Amino acid sequence: STVVFDKTGTLTTASPQVTTCVSLSHGFSEDRILQLAAAVEQGTHHPIATAICRALEGRNLPIIDAEGFVTQTGLGAAAMVDGERVWVGSAEGLSGCGVILSESVLSIIPPGETVVYVTVGDELVGVIGICDRLKSDAKMTVERLQKMGLNVVLLTGDRFSVAEAIASELQLSEGSVLAEVRPEDKAKAIAAYQQQGHRVAMVGDGINDAPALAQADVAIALGTGTDVAIETADIVLMGDALGDVVESIRLSQQTFNKIRQNLFWAFAYNTIGLPMAAGVLLPGFGIVFSPSVAAAFMAFSSVSVVTNSLLLRRQFTPADFPPSIKSQPE
Ligand code: ADP
Ligand code: MG
């Protein structure tokens with residue numbers, strides 16, 4: 001009844017872009033901040049990491065070595081660079097380090113963009129703005145799921161303003177948006193829906209989605225996602241086309257219809273066949289099955305059920321999603 005989507009890498013492209021990089025410390029140039037961030041991010045698997053490393057390439061800056069990588073799922077990442085601890089991550093992760101953000105720092109990156117803070121040692125040295133776009137088939141997917149009577153929810157670890165921007169593009173109501181949610185709380189959010197009586201499907205791609213995927217009634221991972229998401233999922237889409245979420249739900253519903261039909265026919269068949277095999281027609285009509293004929297009828301029941309199931313291959317017409325949307329690289 002409810003389909004919950006992760007934002008970063010699931011509804012949005014897995015290749016966001018760095019839009020802003022601002023230095024907050026005289027000792028560090030913008031380029032240096034990008035280099036430090038990229039040094040840490042080379043040890044992670046997050047779309048943000050891809051964006052920062054790509055920005056470095058764009059500026060023709062060499063990547064610097066780092067060691068002792070630590071990933072804080074849903075918060076950020078850290079590593080040792082030139083003997084100093086460099087950390088990158090969200091405002092929430094930063095408050096965990098004891099840094100309080102001033103209004104002027106908070107307003108550097110415009111609402112709607114993901115913010116990544118960079119610290120060296122205990123000092124906040126820079127801030128990076130990252131812009132992420134919706135996948136081209138995201139809106140159509142959400143609309144189609146809603147048309148099927150399903151409740152669509154957006155669940156993200158990113159800040160509220162980014163979630164709101166994405167939600168307004170998708171025309172999701174305010175109540176259907178959960179932002180700044182830590183990975184373990186993502187699972188709790190799913191459990192809360194379940195307690196309200198919803199059957200929940202979760203669609204995700206990241207390490208941070210794994211607990212929520214494990215909690216959901218149906219877990220759907222993108223084939224382009226992380227190994228842990230794929231391992232946890234019940235359904236793995238072959239690529240990153242969101243339209244396949246609609247298709248897999250439709251296929252599941254039609255498969256279930258087949259199961260119902262088959263059960264109905266199997267019961268109907270046996271209700272007639274068993275008394276006949278037992279000789280109910282013998283006194284009135286003189287008809288009785290020999291054991292071999294009865295066995296043939298029994299086998300025919302299985303054949304009819306299997307044939308009806310196989311018909312699904314013809315009856316299920318996949319997607320009227322234009323193929324260009326599916327294959328269009330973002
Ligand atoms: P989502 O739920 O949208 O997939 P995540 O839970 O992965 O987002 O991340 C939440 C926030 O934590 C990000 O918006 C970012 O600010 C921060 N974050 C997570 N991982 C990283 C990382 N590798 N580098 C920098 N920041 C990160
Ligand atoms: Mg994600």
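Residues numbered from 1 in each chain as written. Chains lettered and ligands numbered in written order. Predicted model: local features only at pLDDT ≥ 70, side-chain atom pairs only at ≥ 80, totals over all residues. Heavy atoms only, no water.

## Details of the sheet that holds strand β6 (residues 114–120)
Right, so step 1: Here we have six strands laid out as an open sheet, ordered β2-β7-β6-β5-β4-β3, and antiparallel in their pairing. The two strands at the open ends of the sheet, each matched to only one other strand, are β2 (17–23) and β3 (67–72). Averaged over all adjacent pairs, the angle separating strand axes in this sheet is 20°, with direction ignored.
Right, so step 2: Summarising the sheet, β3 and strand β4 (residues 76–81) pair through four bridges and their orientation is antiparallel. By the bridge assignment, Q72 is partnered in β4 with G76.
Right, so step 3: Across the sheet, helix α2 (residues 30–41) lies against β2, β3, β4, β5 (84–89), β6 and β7 (123–131), angled at about 120° from β2, the strand it touches most. (Pairing = 2+ DSSP bridges. Helix = DSSP H or I, 4+ residues; strand = E, 2+ residues; numbered from the N terminus. Axes fitted to C-alpha atoms, helices over the stretch in contact; angles between N-to-C directions. Contact = heavy atoms within 4.5 Å.)

## Overview of the domain arrangement of the chain
Right, so step 1: Each assigned domain of the chain is listed here: domain 1 (17–131) and domain 2 (252–315).
Right, so step 2: Measuring from the centre of the C-alpha atoms in domain 1 to the corresponding centre in domain 2 gives 66 Å. (Domains from an automatic or database assignment.)

## Structural notes on the sheet that holds strand β11 (residues 218–221)
Two modes of strand pairing occur in sheets, parallel and antiparallel, and in both the strands are linked by backbone hydrogen bonds.
Right, so step 1: Reading across the sheet, the six strands line up as β9-β8-β1-β10-β11-β12 and stay open at both edges, with parallel pairing between neighbours. Each having just a single partner strand, β9 (177–178) and β12 (235–236) make up the two edges of the open sheet.
Right, so step 2: As judged from the four bridges shared by strand β10 (residues 200–204) and β11, these two strands associate in the parallel manner. Within β11, the residue paired with V203 across the bridge is I220.

## Details of the pairing of β10
Along any regular strand, the residues point their side chains to alternate faces of the sheet.
Right, so step 1: Burial runs high along β10: five of the five residues are buried.
Right, so step 2: Judged by which residues are buried, β10 turns out to be covered on both faces: V200, M202 and G204 on one side and A201 and V203 on the other are all buried.
Right, so step 3: With four bridges joining them, strand β1 (residues 2–6) and β10 adopt parallel strand pairing. Within β10, the position partnered with T2 by the bridge is V200.
Right, so step 4: For the crossover that starts at β10, traverses helix α9 (residues 210–215) and ends in the parallel β11, the hand is right-handed. (Buried < 20%, exposed > 50% of the residue type's maximum accessible area, 1.4 Å probe, protein only. Right-handed = clockwise from strand over helix to strand, strands pointing away.)

## What about the coordination of the magnesium ion (ligand 2)?
Right, so step 1: Binding of the magnesium ion (ligand 2) to the protein goes through D6 (OD), T8 (O) and D205 (OD), at separations of 2.1 to 2.4 Å.
Right, so step 2: Donor residues binding the magnesium ion (ligand 2) come from one chain and are separated in sequence as D-x1-T-x196-D. In this pair, D6 is assigned in strand β1 and D205 in the loop between β10 and α9, connecting sequence segments 199 residues apart.
Right, so step 3: Judged by relative accessible area, D205 falls into the buried class, the value being 10%. (Donors = N, O, S within 2.8 Å, 3.2 Å for Na, K, Ca; no water.)

## Side note on the packing of helix α11 (residues 243–277) against helix α13 (residues 291–310)
Packed helices, taken two at a time, are described by the angle their axes make and the gap between the axes.
Right, so step 1: It is the contact of α11 with α13, at a shortest axis distance of 10 Å, that shows an interaxial angle of 170°. By the angle between their axes, α11 is roughly antiparallel relative to α13. Between α11 and α13, the contacting residues are K258, Q261, N262, Y269, N270 and A277 on the first element and A294, F297, M298, F300, S301, V305, N308 and S309 on the second.
Right, so step 2: Taken together, the residues of the contact of α11 with α13 break down into seven nonpolar, six polar and one charged. (Parallel < 35°, antiparallel > 145°, perpendicular 65-115°, else oblique. Nonpolar A, V, L, I, M, F, W, Y, C, P; charged D, E, K, R; others polar.)

## A closer look at the pattern of salt bridges
Right, so step 1: What the rule picks out here adds up to 10 salt bridges.
Right, so step 2: The partner of K188 in a salt bridge is D185, with the nearest N and O atoms 3.4 Å apart. Here K188 and its partner D185 are both found in helix α8 (residues 183–195), three residues apart, which amounts to about one turn of the helix.
Right, so step 3: The exposure class assigned to D185 is partly exposed, which follows from its relative accessible area of 30%.
Right, so step 4: In this structure, the salt-bridge partner of E247 is R250, at a minimum N-O distance of 3.1 Å. Placement of the pair is E247 and R250 together in helix α11, with a separation of three residues, close to one helical turn. You'll find E247 and R250 in the same group, each marked buried.
Right, so step 5: When salt bridges with common partners are traced through the structure, they connect D6, K186 and D209 into a single cluster. (Salt bridge = Lys/Arg side-chain N within 4 Å of Asp/Glu carboxyl O.)

## A short note on a nonpolar patch on the surface
Right, so step 1: Together, F256, I259, L263 and F267 make up an exposed nonpolar region whose accessible area comes to about 430 Å².
Right, so step 2: Residue position: I259 is located in helix α11. (Patch = residues over 30% accessible without salt bridge, like charges linked within 9 Å, V, L, I, M, F, W, Y side chains within 5 Å. Areas by Shrake-Rupley, 256 points an atom, 1.4 Å probe, with all protein chains shown as cover.)

## Here we look at the side chain of D158
Right, so step 1: Its location among the elements puts D158 in the loop between β8 (151–155) and α7 (160–170).
Right, so step 2: Judged by relative accessible area, D158 falls into the buried class, the value being 11%.
Right, so step 3: Excluding its chain neighbours within four sequence positions, the residues that come into contact with D158 are K7, T114, A179 and E180.

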